[in-house]
Amino acid sequence: MDLEGVIHDNPIKRDSWKTLLTLAYQSLGVVYGDLSTSPLYVYKSTFAEDIQHSETNEEIYGVLSFVFWTLTLIPLVKYVFIVLRADDNGEGGTFALYSLLCRHARVSSIPNCQVADEELSEYKKDGSMSNYKSGNGSSLKSTLEKCRVLQRMLLVLSLIGTCMVIGDGVLTPAISVFSAVSGLELSMSKEQHQFVCAILVFLFTLQHYGTHRVGFLFAPVVITWLLCISAIGVYNILQWNPHVYQALSPYYMYKFLKKTQRGGWMSLGGILLCITGSEAMFADLGHFSQLSIKIAFTFVVYPSLILAYMGQAAYLSKHHINETDYQIGFYVSVPEKIRWPVLAVAILAAVVGSQAIITGTFSIIKQCSALGCFPKVKIVHTSSKIHGQIYIPEVNWILMLLCLAVTIGFRNTKHMGNAAGLAVVTVMLVTTCLMSLVMVLCWHKNVFLAICFIFFFGSIEALYFSASLIKFLEGAWVPIALSFIFLVVMYVWHYGTLKKYEADVQNKVSINWLLSLGPSLGIVRVRGIGLIHTELVSGIPAIFSHFVTNLPAFHQVVVFLCIKSVAVPHVRPEERFLVGRVGPKEYRLYRCIARYGYRDIHKDDVEFEKDLVCSIAEFIRSEKPECNMGIEDLRDEEKMTVVGTSSSNFEGIKLCEDDAYSSDMVGTSKMREMQSPKRARKRVRFIVPESPHIDREVKEELQELMEAREAGMAFILGHSYVRAKRGSSWMKKVVINYGYDFLRKNSRGPTYALSIPHASTLEVGMVYFV
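As a starting point, this report considers the structure included with it.

Here is what the cut-offs are and how they apply
Residues numbered from 1 in each chain as written. Predicted model: local features only at pLDDT ≥ 70, side-chain atom pairs only at ≥ 80, totals over all residues. Heavy atoms only, no water. Helix = DSSP H or I, 4+ residues; strand = E, 2+ residues; numbered from the N terminus. Buried < 20%, exposed > 50% of the residue type's maximum accessible area, 1.4 Å probe, protein only. Contact = heavy atoms within 4.5 Å. Areas by Shrake-Rupley, 256 points an atom, 1.4 Å probe, with all protein chains shown as cover. Expected span 1.5 Å × (residues − 1). Arc of directions from axis to C-beta. Core = buried A, V, L, I, M, F, W, Y, C linked by side-chain atoms within 4.5 Å. Pairing = 2+ DSSP bridges. Patch = residues over 30% accessible without salt bridge, like charges linked within 9 Å, V, L, I, M, F, W, Y side chains within 5 Å. Salt bridge = Lys/Arg side-chain N within 4 Å of Asp/Glu carboxyl O. Phe/Tyr/Trp six-rings, centres within 6.5 Å; stacked < 30°, edge-to-face > 60°. Lys NZ or Arg CZ within 6 Å of the ring centre and 35° of its normal. Axes fitted to C-alpha atoms, helices over the stretch in contact; angles between N-to-C directions. Parallel < 35°, antiparallel > 145°, perpendicular 65-115°, else oblique. Polar contact = N/O pair within 3.5 Å; in protein donor to acceptor, adjacent residues only side chain to side chain. Bend = angle between axes of the 7 residues up to and from the residue. Nonpolar A, V, L, I, M, F, W, Y, C, P; charged D, E, K, R; others polar.

## Some details on the overall build of the protein
Summing up its helical and strand segments, the protein has 26 helices and twelve strands in all. Counting only residues that meet the buried cut, the protein has 59% of its 770 residues in that class. When contacts within the protein are restricted to residue pairs at least 6 apart in sequence, those whose partners lie at least 24 apart make up 82%. For the protein, the accessible area works out to roughly 30800 Å², and carbon and sulfur atoms hold 61% of it.

## A word on helix 18 (residues 393–410)
Owing to its 3.6 residues per turn, the α-helix brings residues three or four apart onto one side. Spanning 18 residues, helix 18 covers 26 Å between terminal C-alpha atoms, matching the ideal 26 Å at 1.5 Å per step. For helix 18, the set of buried residues is P393, V395, N396, L399, M400, C403, L404, V406, T407 and F410. Down the axis of helix 18, the buried set is contained in an arc of 165 degrees. They therefore lie on one face. Along helix 18, exposed side chains directed more than 90 degrees from the buried face belong to L401 and G409. Just downstream of helix 18, R411 is the residue with a positive phi angle, here 60 degrees.

## Some details on the nonpolar core
Considering soluble globular proteins, one finds that nonpolar side chains tend to be buried as a cluster. Core analysis: the largest hydrophobic core is formed by 164 residues, its most contacted members being Y32, L64, L71, W225, F297 and Y309. Of the residues forming this core, the biggest block, 17 residues, is contributed by helix 19 (residues 413–441). For L64, the contacting residues outside a window of four places in its chain are Y43, V244, A247, L248, Y309, M310 and A313.

## Describing the pairing of strand 6 (residues 589–596)
Burial of strand 6 is extensive: eight of the eight residues sit out of reach of the surface. Side-chain alternation along strand 6 places L589, R591, I593 and R595 on one buried face and Y590, C592, A594 and Y596 on a second face that is also buried. Sheet topology places strand 4 (residues 553–565) next to strand 6; eight bridges connect them, and they run parallel. Looking across to strand 6, one finds that K564 is bridged to R595. Note: strand 5 (residues 577–581) against strand 6, five bridges, orientation antiparallel. In the sheet register, R581 faces strand 6, and the bridge partner there is Y590.

## Description of a nonpolar patch on the surface
On the surface, a cluster of nonpolar side chains totalling about 480 Å² of accessible area is made up of L469, F472, L473, W477 and I480. Summarising the element assignment, I480 is placed in helix 21 (residues 477–506).

## Some remarks on the packing of aromatic side chains
For the structure on display, the rule yields 20 aromatic pairs. Between F68 and W69, the ring centres sit 5.1 Å apart and the planes meet at 80 degrees, which makes this aromatic pair edge-to-face. Judged by its relative accessible area of 28%, W69 falls in the partly exposed class. For the ring pair F544 and F560, a centre distance of 5.2 Å and an interplane angle of 80 degrees mean the geometry is edge-to-face. In this pair, F544 sits in helix 23 (residues 542–550) while F560 sits in strand 4, placing the two residues 16 residues apart along the sequence. Like F560, F544 is buried. Members of the aromatic cluster, each reached through a chain of ring pairs, are Y61, Y251, Y252 and Y254. The cationic tip of R576 hangs over the ring face of Y596; the distance from NZ or CZ to the ring centre is 4.4 Å.

## As for the packing of helix 19 against helix 21
Packed helices, taken two at a time, are described by the angle their axes make and the gap between the axes. At a minimum axis distance of 7 Å, the contact between helix 19 and helix 21 shows a crossing angle of 50 degrees. When the axis of helix 19 is compared with that of helix 21, the two are oblique. Between helix 19, through A419, L422 and A423, and helix 21, the contact on the second element is made entirely by V478, P479 and I480.

## A look at the pairing of strand 3 (residues 524–533)
As judged from the eight bridges shared by strand 3 and strand 4, these two strands associate in the parallel manner. The partner of G530 across the bridge, within strand 4, is V558. Sheet topology places strand 3 next to strand 11 (residues 713–723); five bridges connect them, and they run parallel. From the neighbouring strand, L531 faces strand 11, where its bridge partner is F715.

## A few points about the sheet that holds strand 11
Here seven strands make up an open sheet; going across it, the order is 7-5-6-4-3-11-12 and the pairing mixed. Each end of this open sheet is capped by a strand with a single partner; those strands are strand 7 (641–643) and strand 12 (761–769). For this sheet the average axis-to-axis angle between neighbouring strands, irrespective of direction, equals 25 degrees. Each of strand 3, strand 4, strand 6, strand 11 and strand 12 touches helix 23; the most contacted strand, strand 12, lies at about 120 degrees to it. On top of the sheet, helix 25 (residues 696–711) reaches strand 3, strand 4, strand 5, strand 6 and strand 11; it is set at about 80 degrees to strand 3, its chief contact.

## Comments concerning the environment of H104
Mapping H104 onto the fold places it in helix 6 (residues 94–105). Distance in space between the C-alpha atoms of H104 and K141 is 8.0 Å, their sequence separation being 37 residues. There is a polar contact of 2.7 Å between the side chain of H104 and the backbone oxygen of L100.

## So, helix 20 (residues 447–469)
At G458, helix 20 shows its strongest bend, of approximately 30 degrees. Those residues of helix 20 lying buried are A450, F453, F457, G458, I460, E461, Y464, A467 and S468. Buried-residue contacts for helix 20 involve helix 5 (58–81), helix 13 (262–266), helix 14 (268–271) and helix 19. For helix 20, the side-chain oxygen to backbone nitrogen distance between the N-cap and F448 is 2.7 Å, and the N-cap itself is N446.

## Structural notes on the packing of helix 21 against helix 26 (residues 730–745)
Packing of helix 21 against helix 26 brings their axes to within 9 Å, and their N-to-C directions diverge by 100 degrees. Between helix 21 and helix 26, the angle falls in the class roughly perpendicular. Two secondary-structure elements touch here, helix 21 through V489, V492, W493, Y495, G496, T497, K499 and K500 and helix 26 through K732, V735, I736, G739, Y740, L743 and R744. Broken down by class, the residue content of the contact of helix 21 with helix 26 amounts to eight nonpolar, three polar and four charged.

## Focus: the pattern of salt bridges
Under the criterion given, the structure shown has 16 salt bridges. Ionic pairing is found between R588 and E704, a salt bridge with its closest N-O pair at 2.9 Å. Placement of R588 in the loop between strand 5 and strand 6 and of E704 in helix 25 is noted, with a sequence separation of 116 residues between them. Here E704 falls in the partly exposed class, since its relative accessible area comes to 21%.

## Focus on the environment of V427
Looking at the secondary structure, you find V427 in helix 19. Look at V427 and you get buried, because its relative accessible area is 2%. Measuring from C-alpha to C-alpha, the distance between V427 and T162 comes to 7.5 Å, with 265 residues separating the pair along the chain. Apart from residues lying up to four places away in sequence, V427 is in contact with G161, M164, V165 and E279.

## Remarks on the environment of I408
Summarising the element assignment, I408 is placed in helix 18. Judged by relative accessible area, I408 falls into the partly exposed class, the value being 41%.

See the structure below:
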């Protein structure tokens, strides 16, 4: 299936209102499930130990005021009105912000960047190459580009935010489902505990169906849940305390802290849980659209949550018996006649709530993997229409096992809440820091405005962070431990990848060596295409010299293929390939760089092969005579031509393959057919645009390329093993020889080679000491 045409033009941004409202409806089930279920456990977690609910109601009014202003300032003001605008060509999340900064300040962690990548349409769309008018912005940009330490700190900061998102993906399903199932605040028996685990297993098993199907399945549940909690909230307000709205005044926050002091500060960790899931609005941006997410939150989720919290506070203000946690929980404020139906809806809503953070985890891990900061994993695209909807099997099952371990280990919402709160607020702090840099470097705003942003929102989040961190031994250590493990994995992979690429560059073969071999490369040239996979974007990889030195034959056409990721979410199909020559024309050596964004879908092998051959054929046809390098010009190897895929290049060469002979001839007034001699079972035909002047050498080269394609394609995969040099520090030896080596052996290979028949694959190994 050709998905590229759908992927590049994000249909979400230009669709009708009907489509927009449909996406907003879907986002309720995917994005806001977690945020919507927070009333289940916020008040209970807040009043768990640190403060008590007294007759004066100062505590409950203070908590309500904190909840209202936290929901207003963080999800509504910060995310809806500011952060969502910092999308990376429609994509969101921590690494989307990092990607923006990499393009504007040239602090990219991708080693094989090229100047040609900056000519991509997506690269220029947000004005990344525009000149700075602000002297402060220019100086900050210059400082970041020169200081390697600051670049590493920026990368580590982004990785910490990513790791906390993964940790949240473990904790949120546990606390949501646990809170819902323990709905009536009864002590959980063994059977009930097994029921929680069964729900979690079902939830993670459901992921492979994809966000598109799950969104339509889950959205009705969330809408029903929001209607329930808002209706119950209105009932409790009218029934018990119609004047509870007065508690929305920030004055009650001051009274709360003045009365409770240290206990009130520590209870902020529970209040923080009212915004769990807010980060999903940004992380899941690529699954929907900016406007649909804003509409769903502003007009549906936000008012429903405010009514729910006000209703709970109104009920509790008239019920001061506090013998057990039962009296503070959500279900005590639910009228007894409808308590069981609401419990059933709550369990379903909790399952939905877990979906948001799991989806966001998949998205951000794909971004990290594409940008070289996470081991290669299998990525399954679950929708051919919405490009960002993915499923990662390995990550899904790891999250499930960790989630079950947390559930079985803690068995109470108090410790789970402490853990989830720290993970949530850490991600928000990272987003705030990165956003302040985006304001200066990408939006070219005044530095003073960025300082005001980080000071205002950073102060609020730092207050919550301190309250969560103080409960380190009471559960908050879990996200720190999980994040540390994932951070080590990510940084080891990133460090090993950089060292491997540096070794490839240092050991690449000079052009003089190639020239000394002659057009035959000093060996017999056999029919077929030899496709050599390499990470290099220039030069001749060492595996090629190793191959031709040890084997007596090589293919008549050789292609050095580099599949690389660039710091944009999508690369247009018409800008997919960079094609050039390696050596003189008669050598039949080509370089092809296939560029993908971190959200692009990689085609299956058959389609990719056809696009690859067509891109080389189109390069041969359209190559200017002055670009044909002679011996004296060979040192300039950076002359690359941008060639699109066959589906995007309507006026370019088309490739037709028949499994048997056919008398059908394809030709129009603008196209003519070149076909290879009828001596193979599979006939390859190039349909070439009619041109008044096609050089004889061009025809011969195209003919030879067709014959080589008929003979078949062999894949030579280079495996560069890196080892620490003798005399290296013990830390480097552990990281390279054990950590990176273990991750490399247990991660996926090149995406395009996953389903290649083994008969057509040859692996060439090299050992480098770094």
